[in-house]
Structures are given as structure tokens and as C-alpha cells.
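Each chain, letter by letter, is given below.
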Amino acid sequence: MHPPVRYQIVDNLAIVTIDNPPVNALSHPVREGLQTAIARAVEEHDVSLILLLCAGRTFVAGADIREFGQPPRKPHLPDLLNQIEACSKPVVAAIHGTALGGGLETAMACHYRCAVREARFGLPEVNLGLLPDAGGTQRLPRLTGVEAALDMMISGRPIGAGQALETGLIDKILDSGDIRAEAISWAQSLAASGARPRPVSAMDVPGEDCNAGFFADYRNRIARKTRGLLSPELIVQCVEDAVSIPFDQALARERSRFMECKSSPQSAALRHLFFAEREAAKIPGLDPSAVPRQIAKIAVLGAGTMGSGIALACLEAGFDVQLLDSNEDALSAGQERISSLLDKQVEKGRITANEAADRARRLRLAQAYEALSDADLVIEAVFESMEVKRDVFAALDQACRQGAVLATNTSTLDVDRIAQATSRPRDVLGLHFFSPANVMRLLEIVRGAQTSDEVIATAMAFARRLGKVGVLVGNCFGFVGNRMLYGYGRESQMMLLEGVPPERIDRVLAGWGMAMGPHAVGDLAGLDVGYKIRRERTDLPDDPCFYRVADMLVERGRLGQKSGSGMYDYQPGDRAPRPSAMVAQMIREEADRLGVAQREVSDQEIIKRCIFALVNEGARCLDEKIALRASDIDVIWVNGYGFPRFRGGPMFYASQLGLRNVYDGICRFRETLGDRYWRPAPLLEKLALADDADGW
Ligand code: 3H9
């Protein structure tokens, strides 16, 4: 095995190279190697300056996240970085790729920093429920000023080299393309000019932007985005320390706050998701020789909200896109939707006018299937009806070239029946996007019984190109996400009949962390969508209460925001939901008619009924191999359904609660609410009753 840290002398420079693929994380052997290398360079008389570089594709991308679950081993990163900073010879960091977390902290412990123009710099610990713990909360404000430092640490978003130079984070941008050669020559010029160690810890924090009210204002500004999270508040406290107490004391407090974060359930949940999202890309059993097909031209069929959103997502990823709809009005409405979304992105400064023009130019419109003859991938996004979709796929079979991938964006229907309408079911699969398709990160990739491994590999690669998390799921009604949604929605509907107002259910679940409450979501998505799907199903329970309130609203023309009223009332031009007296009365009368007793339902019960229903159905999906892994279910619910990231997804949350506790809770609901919906899933029961029940 090659050493993770190399040491080399070039003239008067000691060149220390970290080489720990894939991302040069600061694992224990790296820390040890760095400590030894720095000590050696200090000892060697001929060395006047130390240059720190990384091999491979990136500078250090952070501490080794896998080590957070293990007992800490010396040298600890904060101590090592203090040792680097205290070094008697100047230390220069040369950065390429991404300097993230402990990586950027390492660079800040060096005395001088240079970077290639494409390099990026960030402290993304907040995304893992953590805060920078190797002096980052103290050194960054000293270099960039308080506000810029807070913005980087609270958003977790990296900045580019230009901004890093402007804010004082780095000293020089290297332009030649040969980072090693140019960094050596810059380091030598520093040595020749007699550059001295320049510890950041000895600098003053530029204080002009933190008058008395500054931190209070800052907290207010971030309150909505950081709702429910622990680490952002602790980051702000660390930065308050940076401007008010000596460096060493502040460092000790940074450490104790970091430990608080690290041991929190939130951080465990967020770290779980970090690995879960990467694990989702790995498909066990997939033929390793299955090479993704080349995708350049994409056709999207159906120019409605979903179709145009998918088209926009593909344009944003650089594909040529053909939007096809046989209805001319629908087609031009789709095009207008896309161009108005592009305009908005330009207005908000997210893209330049040139980028918008380039995207618009790559969009072509068509009305006839012949236009699809050269498409590499066709994504069907027409009306959610089996009959309609089968007709479409029979026509695609005629129009598309051999080797084209044929995908349906169905959100619930049987992908195999759709595939059977073609002569090439191996090329057919589901690509289930979530609305708005250019924004939502999730792509459920539905494997049909005959879908080839090559087509699955193509879809996984396609999801990556779109910047989405692709999760492979099996074929059944609603796949993983929408199948589980049925249980969640069912309980939120049942509780209405039991006398819980919709606004209370929404408030409690949003308070628990869901991005929105279920009734507000229903109004946003359109209640008619679920209504039509329920009409298509033949396997619904024989239960007059099942989604009764939603059905009544649709039958009264209350479809949600789009019709100006749904579960809630809306005022023109205002999307704020207002409780409706009429709906409250309608629900009361219907409960009376159906004989549903009104009961006191606690906030805890609201949460448990909705979330345990999810977990129970998730366990069935896992048992039936509709989901490959419990962690895939978590990735789906966090990225597609507004499940709070800081709770790690429904299955992780259940593990944290203890599967036995979840099982017991479900059994109690079976006693009070009956066993129609509350039979524990066999897998949950098996795991919960096993002696060592601690996860899936
Ligand atoms: C920290 O630094 C705390 C300190 O303040 C204090 C400490 C005392 N550790 O994402 P990719 C793996 S907290 C371990 O697919 P990309 C990843 O799992 C850390 N493993 O590549 C994957 O493994 P596999 C702060 C890591 O090119 C492989 O590397 N830093 C780590 O799309 C490739 O990853 C961060 O939060 C790690 N730190 O993106 C940065 N990072 O192949 C986290 C990656 O087995 N990392 N792996 O699935 C990233 O954001 C992205 O990985 C990066 C590359 C942008 C670097």
C-alpha cells in the first residue's frame, strides 16, 4: 500500500503530498503522516518552507466522515492544525478541486494559500449536523470577516476561487494549469522574499460588521431555513466567541459544541443520509459489463406541467430536448412555461441571459411521433391512465429507433403493462420525476420485469447527469414513494373525520419537521390528481371513510390552490391557506353520517399515526424487494416528499426510536383503531421481536 502522505525535498522546499483516494479525507493515517512530515521539515536545516499539496482529483475534502462513529484516535485534527500553524517555517497550501470542511481548515492553518481558478472552498459541516471543529469557526472570520464566514458555514455552500481571493481566504490564483510547478515557483518566491509564518489565529477579526444588533439580526435572517436544526445556532455562538474572547478559549468552546453536535441524533441522521445517497447509486447484482448507453437527444412527450418541467431539467443538464404534444395549444403553453421559468431564473440571478438563451435554443417542439426517430431517450409524461399510456408506448415502438430507451413518468401505474405495449420491454422503464421536476432532487427509477441491466445503468447515469439522486425501485402500485404516501395520507384523512381540524394536522406535522403538512400539500398538488388515481385502482379497501374528505372536496369542485379552494380557502393572488368554515362543517356532517366518533387526538398521536403508517408500508416495500435497502426509502422520502433531513428518513427514524417501540405503537393502534390498517408488517414484526433488534 502506498503511504497516504509523501515527503519530498525540492531545493529548499519540503513538499508534503497527501494521497488518500478518492477525496483525500483526513483519515487517521493521513493525520499521522502529516504530523510526521511537518515535524521532519521543521528539523531539516536546509528546508526553509513547507508546501502542502494533494494528489488525485482534489485537495482534502474534509475529515473522514466514517471515523465519526468510531472512538477518536490521536493526533486529533484540531491539535494537528494548531501544530501546523505554530510551525516555525512558513507553510503554503496549494489547492485544487474542493477544499472542504477539515480540508479548508487545514488550508487555513497554513500561512499562505494559493489555488487553481476552478478550486472551490467550503465548510459544509452543517449539512452533516456538525460545525467546523478544527478551528474553522475561528480562523474563517479572521480571514473573511464575520458575515462572509457565517454565510459559508450556515449555508454549507462552497465559494469559487475568485470570491475566495476577494474575501481574503486565499492569497493567489494559479493560472498555468500545472499546479505543482506553479505552486513550487510561488513558494520559492515567498521563501526568497523572506516570508515569515503568518498564523491566522494571531489576526484580528475584522469587526466593523458586528455591532450590537448584528448577531440578533443574523439569527432572525436564518431562522426559517434552519428551523429544527441544532448546529446553525451553535455555529453562530462560535462566531460570537471569535469576536469576543481569545482564540484558545474560543477553540475549546468550539470543541465542546462540536461534541454536542456529533453525539446528536440529528448529526447521526444527516451522516446516514450522506452515505445513503451515495449507496443508492450502487446496484447490487447489476451486470458489471452493462455499459450505460450514450444519451444526447431527449424527447419528452406531453407538454403539461410535468412534461415541461422534465424538459427544463434536461435542458439545464445540457441535453438537446424535443418537447412533443399532439395538441398545438398545449405545446405552446408548455414552451411558454419553460421560457417564463428561464426568465425567472435570469431575474433571480441564478443563470445569465446567455445561458437562458442557450437552453431555449436547445429546445425543439414537435407534434408528430416521426420527430422522435433520432431520440436516444424518450420520457413519456402524458395523462395518468393505463389506456392512454399503452397507446403512447405502442406508437413509440413504431416511431423510435432500436436502442432508444423508452421511459414512462407514471407515478403509480404498472410499468410492465406499459412495457408490454411495445415489442421491446427490455428498453422500457419508469423514470418517476417529482414536481417541480427541474427543482426536486429525486428520480425514482422503476425497473420492469424485463428491463435490461444496460437500460438501468443508463438511467442511473442519466440521473447523475441531471444532478438528481436516482433510486432504483421495483414495480408495484405507486413504487416506493407513492405507495407509502397512501398510508400517510390515509391517516391524515381519517383524523379529519375523528374531529381534528386540517390546520392542526398540518401545523403538528410541519412542526415535527415535514416541509409542509399533508393537507397543504394536497391543495398544492391538486386534489383531483389523487382522486383520478383512486378511480383507476381496483384494489382499494371497502371503507367508506377511506380518503372520504378528499373525494368530497373534489366532487364539490374544490381542487386545491388551482381552483381557489380545496381543503383550505385561498384569496386571489395569495397562496396562504386559510381554514374553511364550510369544509369544517362538511367534515362534521360526514363524520356524523358515517358514524365516526369524535375523539381527542394528541399531537403525539397525529405524528405517530402518520409516520408509523409510513414505516409499516416501508417495511413491506423492503420485504417485497420493491426497495433494495431501507436507506433507499429514506433517500426517497427526504428528497421527494419533504421528510425532514435531520430525522434521516422514515426508516432511519424508526431505527432511532427502536423498531420494538414502533412495533408496539402499531400494535396499540391496532387495538384502538382496528386491524384493517394497523397490522404490523411481517418484516417489522420479525425484526422488532428479535433479541438484537436495532435496525433494518
Ligand atoms: C469535517 O471535515 C469536520 C471537521 O470540521 C472537523 C473534524 C475534527 N469522508 O461524493 P462522491 C467518499 S466534516 C469519508 O461520490 P463526488 C464518498 O462516500 C466533513 N468519505 O464524489 C464516496 O465513497 P464511495 C466535511 C468521503 O466527486 C467517495 O468518497 N466535508 C468523504 O461527487 C466519492 O464521493 C464534507 O462534508 C469524507 N469526508 O464529490 C465533504 N467525502 O465511492 C463531503 C467523500 O464508497 N464530500 N467521501 O461511495 C463531498 O461533498 C463530496 O464527496 C465531494 C466529491 C464534493 C468531495
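Residues numbered from 1 in each chain as written. Predicted model: local features only at pLDDT ≥ 70, side-chain atom pairs only at ≥ 80, totals over all residues. Heavy atoms only, no water.

Explain the overall build of the chain here, please?
On a plain count of helices and strands, the chain comes out with 28 helices and 19 strands. Here the C-alpha atoms of the chain give a radius of gyration of 28 Å, agreeing with the 26 Å that 2.2 N^0.38 yields for 696 residues. Dimensions along the principal axes, computed over C-alpha positions, put the chain at roughly 90 × 60 × 55 Å. Here the chain, with 696 residues, has 57% of them falling under the buried criterion. For the chain, contacts bridging at least 24 residues in sequence account for 74% of all contacts bridging at least 6. For the chain, the exposed area adds up to about 29500 Å²; of that, 50% sits on carbon and sulfur atoms. The centroid of the 81 positive side-chain charges in the chain is displaced by 1 Å from the centroid of its 90 negative side-chain charges. (Helix = DSSP H or I, 4+ residues; strand = E, 2+ residues; numbered from the N terminus. Rg over C-alpha atoms; globule rule 2.2 N^0.38 Å. Buried < 20%, exposed > 50% of the residue type's maximum accessible area, 1.4 Å probe, protein only. Contact = heavy atoms within 4.5 Å. Areas by Shrake-Rupley, 256 points an atom, 1.4 Å probe, with all protein chains shown as cover. Lys, Arg positive; Asp, Glu negative; His and termini not counted. Charge placed at Lys NZ, Arg CZ, Asp CG, Glu CD.)

I tried to follow the site of the ligand on my own but got confused; where do I start?
Taken together, 25 residues surround the ligand, and among them R57, E105, E125, R278 and K282 come closest. G102 places a main-chain nitrogen or oxygen 2.8 Å from an oxygen atom of the ligand. Between the ligand and the protein, one listed contact pairs an oxygen atom with a side-chain N or O atom of K282 at 2.6 Å. For the ligand, whose unbound accessible area comes to 1000 Å², protein coverage reaches 75%. Breaking the shell around the ligand down by element, the ones donating at least two residues are β5 (98–100), α3 (102–109) and α11 (265–279). Sorting elements by how many residues they give to the shell around the ligand places α11 first, with three residues. A per-class count over the shell around the ligand returns 13 nonpolar, four polar and eight charged. (Near = heavy atom within 4 Å. Polar contact = N/O pair within 3.5 Å; in protein donor to acceptor, adjacent residues only side chain to side chain. Nonpolar A, V, L, I, M, F, W, Y, C, P; charged D, E, K, R; others polar.)

I'm lost on the packing of aromatic side chains in this one. Help?
Here the distance between the centres and the angle between the planes together describe a pair of aromatic rings. Summed over all chains, the structure comprises 16 aromatic pairs. Directly above the ring of F274 sits R278, whose terminal nitrogen or CZ lies 3.7 Å from the centroid. (Phe/Tyr/Trp six-rings, centres within 6.5 Å; stacked < 30°, edge-to-face > 60°. Lys NZ or Arg CZ within 6 Å of the ring centre and 35° of its normal.)

What am I meant to see in the pattern of salt bridges here?
Where charged atoms from two side chains of opposite charge come close, those side chains can pair. For the coordinates displayed, the defined rule picks out 49 salt bridges. With a closest N to O distance of 3.2 Å, R620 and E617 form a salt bridge. Residue R620 and its partner E617 are located together in helix α24 (residues 603–623), separated by three residues, close to a single helical turn. Its relative accessible area of 17% is what places E617 among the buried residues. (Salt bridge = Lys/Arg side-chain N within 4 Å of Asp/Glu carboxyl O.)

I keep staring at unusual backbone geometry and nothing clicks. Help me out?
Most peptide bonds adopt trans geometry, and most residues besides glycine take a negative phi value. For the bond running from K74 to P75, omega is -5 degrees, close enough to zero to count as cis. Mapped onto the elements of the fold, P75 is located in the loop between β3 (49–54) and α2 (77–85). Across the junction of S435 and P436, the peptide omega takes the value -5 degrees, indicating a cis bond. One can find P436 in the loop between β15 (428–433) and β16 (442–446). Phi at F479 takes a positive value of approximately 55 degrees, unusual for a residue other than glycine. Secondary-structure assignment places F479 in the loop between β17 (469–473) and α18 (481–497). The phi torsion at K625 lies on the positive side, around 65 degrees, for a residue other than glycine. Of note, K625 is situated in the loop between α24 and α25 (630–640).

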